[in-house]
Amino acid sequence: RHCVIGAVAGKEKNKVPCGLQCRGGRYELVDRMGMRFPVVGDLYHNAHIFNCRELCFLDELNALKGFSAWRIEGQFCDIGSLKEIVALYKTGRDQVLSGTEYQKDLLLEELSKYPNSGFTKGHFHRGVK
């Protein structure tokens with residue numbers, strides 16, 4: 001077990017644990033295209049790497065309607081915005097499950113009002129090799 005953030009950013013790079021150097025700071029990995037991926041350390045010194053763009057599946061709700069539970073990553077949102085984003089997903093899910101008109105364009109337009117660095121579907125259609 002090794003704290004990657006503490007090893008790079010810590011003052012005592014050979015000290016384990018890192019003294020929680022990994023907590024509270026803002027860290028990123030930058031890929032060859034210049035895209036910045038947030039890296040967040042947890043209580044156990046694990047590094048969690050997040051996508052550089054927000055995941056968005058509002059236009060894929062028909063494909064997701066069979067799932068009984070969904071998870072929205074919201075740690076980079078303020079609580080007010082997160083509540084509104086969750087409400088958008090709930091509205092779309094209710095529309096899809098009830099068979100009423102699924103207004104995905106309207107939902108996507110509402111979602112675009114929140115600051116972000118763009119949207120992605122990750123590997124939703126591509127899979128992982």
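Above this text you will find the structure in question.
Note that the structure is a prediction, hence the values are computed from the model and not measured.

Draft legend 1. Here's a closer look at the overall build of the protein chain. Of the regular secondary structure elements, the protein chain holds 4 helices and 5 strands. The N-to-C order of helical and strand elements in the protein chain reads α-β-β-β-β-α-α-α-β. The proportion of buried residues among the 129 residues of the protein chain is 25%. Counted over contacts in the protein chain with a minimum sequence separation of 6, partners at least 24 positions apart contribute 48%. If you sum the accessible surface of the protein chain, you get close to 9,600 Å²; carbon and sulfur atoms cover 54% of it.

Draft legend 2. View of the packing of helix H3 (residues 79-98) against helix H4 (residues 104-111). Close contact between H3 and H4 brings their axes to 10 Å; oriented N to C, the two are set at 175°. Classed by the angle they form, the pair H3 and H4 counts as roughly antiparallel. Between H3 and H4, the contacting residues are Ile85, Leu88, Thr91, Gly92 and Gln95 on the first element and Leu107, Glu110 and Leu111 on the second. For the contact of H3 with H4, a count of residues per class yields 4 nonpolar, 3 polar and 1 charged.

Draft legend 3. Structural context of the sheet that holds strand E2 (residues 36-41). With respect to topology, 3 strands assemble into an open sheet ordered E1-E2-E3, the strand pairing being antiparallel. Where the open sheet ends on each side, the last strands, each with one partner, are strand E1 (27-30) and strand E3 (47-49). Neighbour-to-neighbour, the strand axes of this sheet turn through a mean angle of 35°, independent of strand direction. Direction of pairing for E1 relative to E2: antiparallel, over a ladder of 4 bridges. By the bridge assignment for E2, Tyr27 is matched with Val39.

Draft legend 4. Looking closely at the side chain of Gln95. Inspection of the secondary structure puts Gln95 in helix H3. What makes Gln95 buried here is its relative accessible area of 10%. Residues contacting Gln95, with those up to four places away along its chain left out, are Thr100, Glu101, Tyr102, Gln103 and Leu107.

Reading guide: rules and limits
Residues numbered from 1 in each chain as written. Predicted model: local features only at pLDDT ≥ 70, side-chain atom pairs only at ≥ 80, totals over all residues. Heavy atoms only, no water. Helix = DSSP H or I, 4+ residues; strand = E, 2+ residues; numbered from the N terminus. Buried < 20%, exposed > 50% of the residue type's maximum accessible area, 1.4 Å probe, protein only. Contact = heavy atoms within 4.5 Å. Areas by Shrake-Rupley, 256 points an atom, 1.4 Å probe, with all protein chains shown as cover. Axes fitted to C-alpha atoms, helices over the stretch in contact; angles between N-to-C directions. Parallel < 35°, antiparallel > 145°, perpendicular 65-115°, else oblique. Nonpolar A, V, L, I, M, F, W, Y, C, P; charged D, E, K, R; others polar. Pairing = 2+ DSSP bridges.

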